[in-house]
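# What the coordinates show
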Amino acid sequence: MKIQSTGLYQEMQAMASEATRVKPQDPNKLPVQVTAATSSAQFGDLLSDALNTVAGLQRDAKEKVTAVEMGDRSVSLAEAMIARNKASVAFDATMNVRNKLVEAYKDIMSMPV
């Protein structure tokens, strides 16, 4: 399983451009509410997929490390170490994103109304 940061970055760019795009006014609908619901649903799906990917990488790394420890010759030590490093990098990136989200939340909450 490959971690593709450029794909994630492109999706975030597309979401940002979609959020800033001005939509024509429809008298029956409020475009801000529709856009917010769609964007939040997409962001939630994106976040869920990212967390599932990290969990999958960690599961794969654990299986490979266990296989090496048990003496399974079909998995090399290099494969196990690479899988473990991929999982570590993915987890670190996830923690950085979480920290930025918490920081942004605190900034928003400290703004005067």
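Cut-offs used in this document
- Residues numbered from 1 in each chain as written.
- Predicted model: local features only at pLDDT ≥ 70, side-chain atom pairs only at ≥ 80, totals over all residues.
- Heavy atoms only, no water.
- Helix = DSSP H or I, 4+ residues; strand = E, 2+ residues; numbered from the N terminus.
- Buried < 20%, exposed > 50% of the residue type's maximum accessible area, 1.4 Å probe, protein only.
- Areas by Shrake-Rupley, 256 points an atom, 1.4 Å probe, with all protein chains shown as cover.
- pLDDT = per-residue confidence, 0-100.
- Contact = heavy atoms within 4.5 Å.
- Expected span 1.5 Å × (residues − 1).

### What to know about the overall build of the protein
Of regular secondary structure, the protein possesses 3 helices and 0 strands. Beginning at the N terminus, the succession of helices and strands in the protein can be written as α-α-α. Relative to its 113 residues, the protein shows a buried fraction of 14%. Total accessible area on the protein stands at roughly 9,300 Å², and carbon and sulfur atoms take up 61% of it.

### Observations concerning the confidence of the model for the protein
Summary statistics for the protein give a mean pLDDT of 80 and a share of 68% for residues scoring 70 or more. Per-element confidence in the protein is highest for helix α3 (residues 77-109), whose mean pLDDT is 94, and lowest for helix α1 (residues 5-20), whose mean pLDDT is 67. Confidence drops under a pLDDT of 50 for residues 29-35, and excluding neighbours within four residues, the segment shows 2 contacts in the predicted structure.

### Here we look at α3
Over its 33 residues, α3 extends 48 Å from the first C-alpha to the last, a length consistent with the 48 Å expected when each residue adds 1.5 Å. Of the positions making up α3, those classed as buried are Ala80, Ala83, Ala87 and Ala90.

### Considering the environment of Leu77
By the secondary structure assignment, Leu77 is in helix α3. Along the chain, Leu77 and Lys64 lie 13 residues apart, while their C-alpha atoms are 8.5 Å from each other.

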